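Descriptive structure summary
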Amino acid sequence: MKHAKTATQNACKLCNPLGACLAFRGIENCVPFLHGSQGCATYIRRYLISHYKEPIDIASSNFHEESAVFGGSHNLQVGLKNVTAQYKPEVIGIATTCLSETIGDDVPMILREYTKTYRNGSPMPIMIHASTPSYQGSHIDGFHAAVRATVETLAEKGERQNLVNMFPNMVSPADLRYLKEIFTDFRLPCMLLPDYSQTMDGGPWGEYHRIPPGGTPASAIANAGKATASIEFTSTLADSKSAAGYLEGAFGVPRHKLSLPIGIKESDKFFDLLETLTEQPRPEKYEDERRRLVDAYADGHKYVFEKKVILYGEEDLVVAMTAFLREIGMTPLLCASGGKSGQLKQRLIELIPDLEEQGIKVREGVDFMDIEDEAKVLKPDFLIGNSKGYTMSRKNNIPLLRIGFPIHDRFGGQRAHHIGYRGTQELFDRIVNTVIEQRQNASSIGYTYM
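Now for a quick tour of the structure. Source: prediction; values computed, not measured.

**Here's the deal with the sheet that holds strand β4 (residues 126-130)**
The strand order β2-β1-β3-β4 describes an open sheet built from 4 strands, whose pairing is parallel. For this open sheet the edge positions go to β2 (59-60) and β4, each flanked by a neighbour on one side alone. Pairing of strand β1 (residues 30-35) with β2 involves 2 bridges; the strand directions are parallel. When the sheet's bridge partners are listed, F33 is paired in β2 with A59.

**Details of the environment of P168**
Examined against the element boundaries, P168 turns out to sit in the loop between β5 (164-167) and α8 (173-185). A C-alpha to C-alpha distance of 5.3 Å links P168 and F233, two positions 65 residues apart in sequence. Setting aside residues no more than four positions away along its own chain, P168 makes contact with L176, L179, L192, L193, P194, F233 and L260.

**Describing the packing of aromatic side chains**
This structure, assessed with the given rule, holds 15 aromatic pairs. An angle of 55° between the planes, with centres 6.4 Å apart, marks the rings of Y178 and Y286 as tilted. Placement of Y178 in helix α8 and of Y286 in helix α12 (residues 284-304) is noted, with a sequence separation of 108 residues between them. Judged by its relative accessible area of 1%, Y178 falls in the buried class. With a centroid separation of 6.1 Å and an interplanar angle of 85°, the aromatic rings of Y246 and F251 are classed as edge-to-face.

**What about unusual backbone geometry?**
P194 follows L193 through a cis peptide bond whose omega is -5°. Position of P194 among the secondary structure elements: in the loop between β6 (190-192) and α9 (218-222). Look at the link from F405 to P406: it is a cis peptide, with omega at 0°. Mapped onto the elements, P406 comes out in the loop between β13 (400-402) and α17 (420-442). In this model, K88 sits at a positive phi of 50°, which is unusual for a non-glycine residue. By the element assignment, K88 lies in the loop between α4 (73-87) and β3 (91-96). Given a relative accessible area of 62%, K88 falls into the exposed group. Residues other than glycine seldom take positive phi values, yet N397 does so here, at roughly 55°. You can see N397 is positioned in the loop between α16 (390-396) and β13.

**A short note on the packing of helix α13 (residues 315-327) against helix α14 (residues 344-351)**
Any two packed helices are characterised by how steeply their axes cross, that is the angle between the axes, and by the distance between the axes. At a minimum axis separation of 10 Å, α13 and α14 run at an interaxial angle of 25°. Classed by the angle they form, the pair α13 and α14 counts as roughly parallel. The two elements α13 and α14 cross, and the hand of that crossing is right-handed. Residue-level contacts link E315, V318, V319, T322 and A323 of α13 to L344, R347, L348 and L351 of α14. Taken together, the residues of the contact of α13 with α14 break down into 6 nonpolar, 1 polar and 2 charged.

**Re the pairing of β3**
The buried fraction of β3 is high, at 6 of 6 residues. In β3, alternate side chains face the same way, and those of V91, G93 and A95 on one face and I92, I94 and T96 on the other are all buried. Bridging between β1 and β3 involves 6 bridges; their strand directions are parallel. Paired with L34 across the two strands is A95, which belongs to β3. As defined by bridge partners, β3 adjoins β4 across 5 bridges and the pair is classed as parallel. Counted as the bridge partner of G93 is I128 from β4.

**Some words on α13**
Given a rise of 1.5 Å per residue, 13 residues ought to cover 18 Å, and the 18 Å separating the end C-alpha atoms of α13 matches this to within 8%. The element α13 is extensively covered by neighbouring structure, given that 11 of its 13 residues are classed as buried. At the C-terminal side of α13, G329 shows a positive phi close to 90°.

**Here we look at helix α6 (residues 107-118)**
Across its 12 residues, α6 extends 16 Å between first and last C-alpha, which sits within 8% of the 16 Å expected from 1.5 Å per residue. Of all the positions in α6, only V107, I110, L111, Y114 and T115 are classed as buried. Buried positions in α6, seen along its axis, are confined to an arc of 135° and lie on one side of it. Across α6 from its buried face, at more than 90 degrees, point the exposed residues R112, K116 and T117. At its buried positions, α6 is contacted by β1, α4, β3 and β4.

**Brief notes about the sheet that holds β5**
The 4 strands are arranged β6-β5-β7-β8 in an open sheet whose pairing can be described as parallel. Sheet topology places β6 and β8 (255-258) at the edges, where each strand pairs with a single neighbour. Direction aside, neighbouring strands of the sheet carry axes that sit 20° apart on average. Note: β5 against β6, 3 bridges, orientation parallel. Its bridge partner lying in β6, M166 is registered against L192. The sheet contacts of helix α11 (residues 264-278) involve β5, β7 (229-233) and β8, and relative to β7 the element is tilted by about 175°.

What counts and what doesn't
- Residues numbered from 1 in each chain as written.
- Predicted model: local features only at pLDDT ≥ 70, side-chain atom pairs only at ≥ 80, totals over all residues.
- Heavy atoms only, no water.
- Pairing = 2+ DSSP bridges.
- Helix = DSSP H or I, 4+ residues; strand = E, 2+ residues; numbered from the N terminus.
- Contact = heavy atoms within 4.5 Å.
- Phe/Tyr/Trp six-rings, centres within 6.5 Å; stacked < 30°, edge-to-face > 60°.
- Buried < 20%, exposed > 50% of the residue type's maximum accessible area, 1.4 Å probe, protein only.
- Axes fitted to C-alpha atoms, helices over the stretch in contact; angles between N-to-C directions.
- Parallel < 35°, antiparallel > 145°, perpendicular 65-115°, else oblique.
- Left-handed = near helix turned anticlockwise from the far one by under 90°.
- Nonpolar A, V, L, I, M, F, W, Y, C, P; charged D, E, K, R; others polar.
- Expected span 1.5 Å × (residues − 1).
- Arc of directions from axis to C-beta.

What follows is the structure, given as structure tokens:
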């Protein structure tokens, strides 16, 4: 069943500069700044606050009719001056929107003019520019563009240091805290970028901060070119868009590219790499986590085996989750994403060689109308993805297990684990409980033990 349509309906992705704003929020003492209209900043603030439950200021050059016709250079320079005076940031992360990209504002040139005009001997904020037009790509493209632009701006050459760069992809603050815990336990110094584990999931303040504490210091990012290795969690990111790829090309820092470590097999690869880099075995606590996860797989297998699922979200998350679902005996009927890297199916085949024999459908560049059409035919036991699939779930009476971003209709999305043995354990427990709840609700008996 297919709907005749000429435009995207309920996109399975978010806008490009949203991802850039989140990445910039993971830099210490940084203010995200949108060069475009005020509405873009309001929309992005609404999305981020709804998921993370934290205040976030996003500055804007506030385009109006005159700027749209004659260019936004004046607005950008006035905005940068105001932000510098009011927030006193160390870094300003500038992302462009559809409007400024469409009229062709030359932002690097404007920034050079601004620096020349206002440099008066006192330190100026470091300005990082990421090109993020919303009419192409998705929020994950903006996220990676901001991370790469940050490294290109700040990384410096120097003597090798006992340091590893960690580019974790767009994971939750809880996942970022877990990664920092792992590196600390391995006693391996790490430059984690971005790190919004505190800025987007912090505690209450005794006094107001214009910029929330936390984030990766600019001085730490400057050392990225001196690291002994970079680890990057991605399956579909092109080399030309990769921060780790840039560091490898510009400074010779070896790049280790891994899928998001969800499931035992992919988590093993991550911990094996850390053992290789440190030349020491993993701490016993992670062996314990792995043993508990194996035990949980054995206990919960009878519930999840051959359950059928439709999975959607960012391409890297879909790849990692598909491998995990096959690992626990579930059948993804459809792996869908609004992204269009052109690599989704190939990356899935590399992890699941019998993908086509299993009848697993893969679709890129879809919207929720496309996914709903597929769901009516495939009839999955439940859906796995973000909150934007709720309408489809409700309309077709298919349970939805919420993962990733955004989660607007449940509490604690920012504290959900996804990666490593600990994150996989949490995901597996939630999946098993979703199956049990579904059985319980469908039963006329009213079982209290399942």
